[in-house]
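Observations on the three-dimensional arrangement
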Amino acid sequence: MNLTNKYSGLFTDQYQLSMAEGYFLTGRRSDSVNFDYFFRKNPFGSGFTIFAGLQDLFELILDFKFDQDAIDFLHKRGFHSDFLDYLKDFQFQGTIYAPKEGEVIFPTEPVVSVEGTIIECQLLETVLLNTLNFQSLIATKANRLRHSAGDRTLMEFGMRRAQGWAVIHGSRAAVIGGVDSTSNVLSAYLYGLESSGTQAHSWIQSFEDELTAFRKFAETRPKHCVLLVDTYHTLNSGVPNAIIVAKEMAERGEQLSAIRLDSGDLAYLSKKARKMLDDAGLKEVKIMASNRLDEYIIKSLIDQGAKIDGFGVGGNLITGQKDGALDGVYKLSQVNHRHTIKLSEDVYKRTLPGKKKIVRYYNDDDKFYADAIVLAEENVADIATIYHPQYTDKKSIVTGLKSEVLISKVFEKGKALFKEKGIHEISEYRKLRVSQLTEDHKRFEFPHRYKVGLSESLIDLRDTLISDIKNK
Ligand SMILES: Nc1ncnc2c1ncn2[C@@H]1O[C@H](COP(=O)(O)OP(=O)(O)OP(=O)(O)O)[C@@H](O)[C@H]1O
Ligand SMILES: O=P(O)(O)OC[C@H]1O[C@H](OP(=O)(O)OP(=O)(O)O)[C@H](O)[C@@H]1O
Ligand SMILES: O=C(O)c1cccnc1
């Protein structure tokens, strides 16, 4: 969702505009280029990353325009009037290749390729990185929470702790990654997400006593009624009062959905509360928990035998703790017919030249075996071996393995090439793809590294460019 539409062309780093102006003034505006988007490290120590944000990126691209206010602003900052005249009619007309949202992706893979004129592709960099890095980060975090929570309910509660408006995209990404619902009503409205909510301590405190507070809430919101039981004393007051109200509701033909624990030892309290509810004949009343949860605490609670049916997770999800950003980058790989490369002291930071695609190979049991980065023009059927990017004596034979090309053309001539998908469809796709990873790659900590190899043709091209540069 684009929250900046009036000024969307300004939603970029100034250096993109300076470079675009330079390309324009030096007569290079019709140079054609290819840029690759890739990241170098899976966040959170995960063995993989979930790709998210593509549909929002398309919206931002369609709105990436410069109205008169924006032009006047840039004029005051010294941009050349001929370039500003060009910007008045600017519209991205390039071509984008990408996987489906919800895809499982790995470090170094050129996940998104952008082809077009040098100015339009350069101007796209910041907004593309802003959108894909953040949503992929949060979708990956949500998937880790889903991994820990199994099929228990997961609610995203993070708006109050989020980095401002980023929460709009964050809630969407969280649902793609496996969370069931969000407390953020605007994201729910904008994206058709499930919204959910209980009540705060202020509601309980606003009444003379807890029992009255519970009764009034149950009267006004009998459907999906969840009572927060820790305002005064969870086991001596909150749970007994919730039981009274649950029984009163049952007499009216209604049902208390759940209680929510929000402090203390959540494993201990949930076991005690479960017993009290069961003893009162309220087996159907569920127990929710919140309070600075993350995937490790949820896993630990379940390992401790906590009787918790659902978790509300705020800050640790929406801010992507402990990795505040995905390190995705956008690098030039071809200008006109010239392949380009960026070298680095660190060989892992060298880029890959040319237009490329990603091939995914499968094991016999239909699980992901390895991915390969190959040149776009290569015939996949001709690729017999893939090589480690740095240690080329390490190789894997892929002859005869089932394979698929992971990226396809998704945007061309100012239009997305597929119908917008609902979030549930994207989330289902994420679930399917995660299920195709082997357990060792899904391992929560110290996962087995997934193989991403290169084709021989790509290695040859890369090494030729490196030696050409060194010879110069
Ligand atoms: N049984 C448990 N095992 C592991 N972590 C837990 C357990 N119970 C609670 N936690 C986590 O411990 C952290 C701190 O809990 P703590 O008991 O200090 O909070 P609290 O002081 O009760 O809550 P508050 O500060 O909101 O009043 C939270 O992140 C919580 O999710
Ligand atoms: O996962 P988290 O980042 O903890 O977000 C969820 C928390 O937010 C709310 O508490 P609130 O902010 O009202 O204050 P509290 O933590 O003192 O209850 C809610 O009751 C949860 O405890
Ligand atoms: O609905 C809730 O219980 C809720 C929502 C946001 C943050 N904490 C709790």
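Position numbers for residues start from 1 in each chain and track the written sequence from start to end. Going through the entries in the order they are written, you letter the chains from A and number the ligands from 1. Only residues with pLDDT of 70 or above have their local features reported here, since the model is predicted, and side-chain atom pairs are shown and tallied only from 80 upward, although totals for entire chains, interfaces and linings are computed over all residues. Side-chain measures were taken over the full set of non-hydrogen atoms in the model, leaving aside hydrogen atoms and water.

Our focus in this paragraph is the sheet that holds strand β12 (residues 329–335). Ordered in space as β13-β12-β1-β5-β3-β19-β20, the seven strands form an open sheet in which the pairing is antiparallel. Every interior strand has two partners, whereas the edge strands, β13 (338–339) and β20 (415–416), have only one. Here six bridges tie strand β1 (residues 32–38) to β12, and the two strands are oriented antiparallel to one another. The residue bridging tyrosine 37 from the neighbouring strand is tyrosine 330, located in β12. Pairing between strands requires that DSSP locate at least two bridges from one strand to the other. Each helix is a run of DSSP H or I of at least 4 residues and each strand a run of E of at least 2, with the numbering of both proceeding from the N terminus.

The distinction between a cavity and a pocket rests on a 1 Å grid over the protein atoms alone: a 1.4 Å probe fits inside a cavity but cannot get out, while a pocket stays open yet meets protein on both sides within 12 Å along at least five of seven lines, and a residue with an atom within 4 Å of a point counts as lining. Grid points are joined across faces, edges and corners, and a volume is the space filled by probe spheres set on the points. This model, assessed by the stated rule, comprises one cavity of 30 Å³ or more. Looking at the largest cavity, the residues that line it are Ser46, Gly47, Phe48, Asn143, Arg144, His147, Val434, His441, Lys442, Arg443 and Phe444. Within the residue set of the lining of the largest cavity, elements represented by two or more residues are α5 (118–149) and α15 (439–442). Here the element with the most residues in the lining of the largest cavity is α5; it accounts for three residues. Polar here means any residue other than Ala, Val, Leu, Ile, Met, Phe, Trp, Tyr, Cys and Pro, which are nonpolar, and Asp, Glu, Lys and Arg, which are charged; Gly is therefore polar. Along the lines of polarity and charge, the residues of the lining of the largest cavity split into three nonpolar, five polar and three charged.

Turning next to the packing of helix α1 (residues 14–25) against α5. Angles here are taken between N-to-C directions and fall from 0 to 180 degrees, while the axes themselves are lines fitted to C-alpha atoms, restricted in helices to the stretch in contact. Put simply, α1 and α5 touch, their axes get as near as 9 Å, and they point 175 degrees apart. When the interaxial angle is binned, α1 and α5 end up roughly antiparallel. On the side of α1, the interface is formed by Tyr15, Gln16, Leu17, Met19, Ala20, Tyr23 and Phe24, while α5 contributes Ile118, Ile119, Gln122, Leu123, Glu125 and Thr126. Residue composition of the contact of α1 with α5, grouped by class: nine nonpolar, three polar and one charged. For classification, angles of less than 35 degrees are called roughly parallel, those exceeding 145 degrees roughly antiparallel, those between 65 and 115 degrees roughly perpendicular, and all remaining angles oblique. Throughout, a residue-residue contact means that at least one pair of heavy atoms, one from each residue, lies within 4.5 Å.

All right, on to the pattern of salt bridges then. Every case where a carboxyl oxygen of Asp or Glu lies within 4 Å of a side-chain nitrogen of Lys or Arg is listed as a salt bridge. Summed over all chains, the structure comprises 24 salt bridges. The closest approach of N and O atoms between glutamate 103 and arginine 433, which form a salt bridge, is 2.8 Å. Residue glutamate 103 is located in the loop between β3 (95–98) and β4 (104–105), and its partner arginine 433 is located in helix α14 (residues 423–435); the two are separated by 330 residues in the primary sequence. We call a residue buried when its accessible area falls under 20% of the maximum for its residue type, exposed when it is over 50%, and partly exposed in between, using a 1.4 Å probe and counting protein chains only. Residue classification places glutamate 103 among the buried positions, given a relative accessible area of 1%. Between arginine 146 and aspartate 180 there is a salt bridge, and its shortest N-O distance comes to 2.9 Å. In this pair, arginine 146 sits in helix α5 while aspartate 180 sits in the loop between α6 (166–177) and β7 (181–182), placing the two residues 34 residues apart along the sequence. You can call arginine 146 buried: its relative accessible area is 15%. In this structure, a network of salt bridges that share partners links the residues Glu103, Arg360, Asp371, Glu404 and Arg433.

What follows covers the packing of α1 against helix α4 (residues 81–88). Contact geometry of α1 with α4 gives a least axis separation of 10 Å together with a crossing angle of 105 degrees. When the axis of α1 is compared with that of α4, the two are roughly perpendicular. Between α1 and α4, the residues in contact are Leu17, Ala20, Glu21 and Phe24 and Asp82, Phe83, Tyr86 and Leu87, respectively. Considered class by class, the residues forming the contact of α1 with α4 number six nonpolar, no polar and two charged.

A word on the layout of surface pockets. In this model, the largest pocket occupies a volume close to 1,200 Å³. Phe157, Ser183, Ser196, Gly197 and Thr198 are the residues nearest the centre of the largest pocket, which is lined by 41 residues in total. At the level of elements, β6 (153–156), β8 (226–228), β9 (258–261), β10 (286–289), β11 (310–313) and α13 (315–318) are the ones that each hand at least two residues to the lining of the largest pocket. Of the residues belonging to the lining of the largest pocket, the class tally is 12 nonpolar, 19 polar and 10 charged. By volume, the second largest pocket is sized at about 610 Å³. Lining the second largest pocket are 28 residues; nearest its centre among them are Arg40, Pro107, Thr108, Tyr348 and Arg449. Classifying every residue of the lining of the second largest pocket by side-chain character gives 13 nonpolar, eight polar and seven charged.

The UniProt entry lists residues 355–461 under the feature "domain: Nicotinate phosphoribosyltransferase C-terminal" (unreviewed entry), expressed in the numbering used here. Its end C-alpha atoms 11 Å apart, residues 355–461 is made of 21% helix and 32% strand. UniProt positions are given in the numbering used here, feature names are shortened, and annotations may be inferred rather than shown by experiment.

Quick look at the site of ligand 2 now. Whether a residue is near a molecule or strand depends on its heavy atoms: if one lies within 4 Å, it is near. Lining the immediate environment of ligand 2, one finds Arg160, Arg161, His201, Arg260, Asp262, Ser290, Asn291, Arg292, Val313, Gly314 and Gly315. Between ligand 2 and the protein, one listed contact pairs an oxygen atom with a side-chain N or O atom of arginine 161 at 2.8 Å. Here an oxygen atom of ligand 2 and a side-chain polar atom of aspartate 262 are 2.5 Å apart. Residue-level accessible areas treat just the shown protein chains as cover; the underlying method is Shrake-Rupley with a 1.4 Å probe. Calculation on ligand 2 without its partners gives an accessible area of 470 Å², and the protein chains cover 72% of this total. Assessed atom by atom at 2 Å from the grid points, ligand 2 resides in the largest pocket. Nitrogen and oxygen atoms within 3.5 Å of one another constitute a polar contact, given that in protein one can donate a hydrogen and the other can accept it, and given that sequence-neighbouring residues count only through two side-chain atoms. Cavities and pockets are treated as containing a molecule whenever more than half of the molecule's atoms lie within 2 Å of their grid points.

Glancing now at helix α10 (residues 234–251). How far a helix is expected to stretch is found by multiplying one less than its residue total by 1.5 Å. Spanning 18 residues, α10 covers 24 Å between terminal C-alpha atoms, matching the ideal 26 Å at 1.5 Å per step. Contacts made by the buried residues of α10 are with α9 (210–220), β8, β9 and α11 (266–279). Where α10 terminates, the next one or two residues include glycine 253, which has phi positive at roughly 80 degrees.

Within the secondary structure, lysine 272 is located in helix α11. Judged by its relative accessible area of 40%, lysine 272 falls in the partly exposed class. When the C-alpha atoms of lysine 272 and threonine 234 are compared, they prove to be 9.9 Å apart, with 38 residues separating the residues in sequence.

Let's shift gears to the site of ligand 1. Ligand 1 sits among Ser263, Gly264, Asp265, Leu266, Ala267, Asn291, Arg292, Leu293, Ile297, Leu301 and Gln304. Here an oxygen atom of ligand 1 and a backbone polar atom of glycine 264 are 2.6 Å apart. A distance of 3.0 Å separates an oxygen atom of ligand 1 from a polar atom in the backbone of arginine 292. Protein contact buries 59% of the 640 Å² of open area that ligand 1 shows by itself. Among the elements of the structure, α11 and α12 (295–303) are those that each provide at least two residues to the shell around ligand 1.

With respect to topology, six strands assemble into an open sheet ordered β7-β6-β11-β10-β9-β8, the strand pairing being parallel. At either end of the open sheet lies a strand with only one pairing partner, and these are β7 and β8. Pairing geometry for β10 and β11, over two bridges, is parallel. What sits directly across from methionine 288, in β11, is glycine 310.

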